[in-house]
Amino acid sequence: MFISTAFAQTAAPATQGPESSLMGMLPLVLMFVVLYFVMIRPQMKRQKEHKAMIEALAKGDEVVTSGGLLGKVAKMDDNFLSLEVASGVEIKVQRSAVVQVLPKGSVK
C-alpha cells in the first residue's frame, strides 16, 4: 500500500567500446587546448620578449622599473643596473625590475 511497484531496468552492457571512453575524455582535452592557447602560450611569449629586452639594455637607455622609477642606465652588471634618477643620484636595481625601455629624450 505504501510501497510503489518497482520496475526492473534493462542492464547496461558490461563492456563499452573505446569510443565512449574517448568521448568521456574529450571535454578534458578540449579544456587543456583552450587553456594552452588562451593563457600559457601568450605568457611564454611575454617572458621571451621581456628577456630579450633586458639582454638588449645598454648604457644610456632610459627605462621604467616595476616600482615606477624612471631613469637612465648609468652602469651595468650581470644582475644589477645603476639608474641615474636625478643629477648625481644613482640607485641600484635588478635588471629584471625593468619593465619598459623609453624612447631617447623621455627623461629630463
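Everything in this summary refers to the structure shown in the same document. (Residues numbered from 1 in each chain as written. Predicted model: local features only at pLDDT ≥ 70, side-chain atom pairs only at ≥ 80, totals over all residues. Heavy atoms only, no water.)

### Some remarks on the overall build of the protein
So the rule is basically this: Under the DSSP-based scheme used, a helix requires at least four consecutive residues in state H or I and a strand at least two consecutive residues in state E, with every element numbered from the N terminus. Each residue's exposure class comes from its accessible area (1.4 Å probe, protein chains only) as a fraction of the maximum for that residue type: buried when under 20%, exposed when over 50%, partly exposed otherwise. Contacts are assigned to residue pairs that have any heavy atoms within 4.5 Å of one another. A 1.4 Å probe and the Shrake-Rupley method give the accessible areas. Residues count as covered only by the protein chains that appear here.
A count of helices and strands for the protein gives one helix and five strands. Taken from N to C terminus, the helices and strands of the protein fall in the order α-β-β-β-β-β. Residues counted as buried form 18% of the 108 residues belonging to the protein. Here the contacts in the protein between residues at least 6 apart in sequence split such that 41% fall between residues at least 24 apart. In the form shown here, the protein has an accessible surface area of approximately 8900 Å², with 63% of it arising from carbon and sulfur atoms.

### Concerning the environment of Ala86
As for its placement among the helices and strands, Ala86 is situated in strand S3 (residues 80–86). Along the primary structure Ala86 and Val107 are separated by 21 residues, whereas in three dimensions their C-alpha atoms are 9.6 Å apart.

### Considering the sheet that holds strand S1 (residues 62–65)
Formally: Paired strands, in this sense, are two strands between which DSSP finds at least two bridges. Here, axes are lines fitted to C-alpha atoms. For helices the fit covers the stretch in contact, and angles between N-to-C directions go from 0 to 180 degrees.
Strand order in the open sheet formed by five strands is S4-S3-S2-S1-S5, and the pairing between neighbours is antiparallel. Of all strands in the sheet, those bounded by a partner on one side alone are strand S4 (89–94) and strand S5 (98–102). When the angles between neighbouring strand axes are averaged without regard to direction, this sheet yields 45 degrees. Across four bridges, strand S2 (residues 70–76) lies against S3 in antiparallel orientation. Pairing of Lys75 across the sheet is with Ser82, part of S3.

### Focus: the packing of aromatic side chains
Stated precisely, the cut-off is as follows: Paired rings are identified among Phe, Tyr and Trp, the last through its six-membered ring, by centres lying within 6.5 Å, and are further divided according to the angle between planes into stacked (under 30 degrees), edge-to-face (over 60) and tilted (the rest). Criterion for a charge above a ring: Lys NZ or Arg CZ within 6 Å of the ring centre, and within 35 degrees of the ring normal.
Counted according to the given criterion, the structure contains one aromatic pair. Between the NZ or CZ atom of Lys92 and the centre of the ring of Phe80, over which it lies, the distance is 5.7 Å.

### Here we look at a nonpolar patch on the surface
Our working definition: Within the patch definition used here, like charges are joined within 9 Å and nonpolar side chains (Val, Leu, Ile, Met, Phe, Trp, Tyr) within 5 Å, considering only residues with over 30% relative accessible area and no salt bridge. Any carboxyl oxygen of Asp or Glu that lies within 4 Å of a side-chain nitrogen of Lys or Arg is treated as forming a salt bridge with it.
Taken together, the side chains of Met25, Val29, Phe32, Val33, Val34, Leu35, Phe37, Val38, Met39, Ile40 and Met44 define a hydrophobic patch exposed on the protein surface, amounting to about 1000 Å² of accessible area. With respect to the helices and strands, the residue Phe32 is situated in helix H1 (residues 18–55).

### Describing the nonpolar core
So the rule is basically this: Side-chain atoms within 4.5 Å link the members of a nonpolar core, which is a set of buried Ala, Val, Leu, Ile, Met, Phe, Trp, Tyr and Cys residues.
Leu57, Val63, Val73, Leu81, Leu83, Val93 and Val98 form the largest nonpolar core, which has seven residues in total. Filtering out sequence-adjacent residues up to four positions away, Val63 remains in contact with Leu57, Leu69, Leu70, Gly71, Val73, Leu83, Val98, Gln100, Val101 and Leu102.

### Describing the pairing of S2
Relative to S2, S1 runs antiparallel, the two being bridged by three bridges. Bridge pairing in S2 links Val64 to Leu70. If you look at the hairpin formed by S1 and S2, you'll find four residues sitting between the two strands, and Gly68 has a positive phi there, around 95 degrees.

### Topic: the side chain of Arg95
For the record, the criterion: Note on charges: Lys and Arg go in the positive column, Asp and Glu in the negative column, and His and the chain ends are not counted at all. N or O atoms closer than or at 3.5 Å make up a polar contact, with two conditions inside protein: a donor-capable atom paired with an acceptor-capable one, and, for residues adjacent in sequence, both atoms drawn from side chains.
Along the chain, Arg95 falls in the loop between S4 and S5. One buried charge, Arg95, has no salt-bridge partner; the nearest side chain with opposite charge is Asp78, at 5.8 Å. Engagement of the side chain of Arg95 in a polar contact is seen with the backbone oxygen of Ile54, the distance being 2.9 Å. At 2.9 Å, the side chain of Arg95 and the backbone oxygen of Asp77 are in polar contact. Leave out the neighbours within four places in its chain, and Arg95 touches Ile54, Glu55, Leu57, Met76, Asp77, Asp78, Asn79, Phe80 and Leu81.

Geometric values such as these leave the question of function open.
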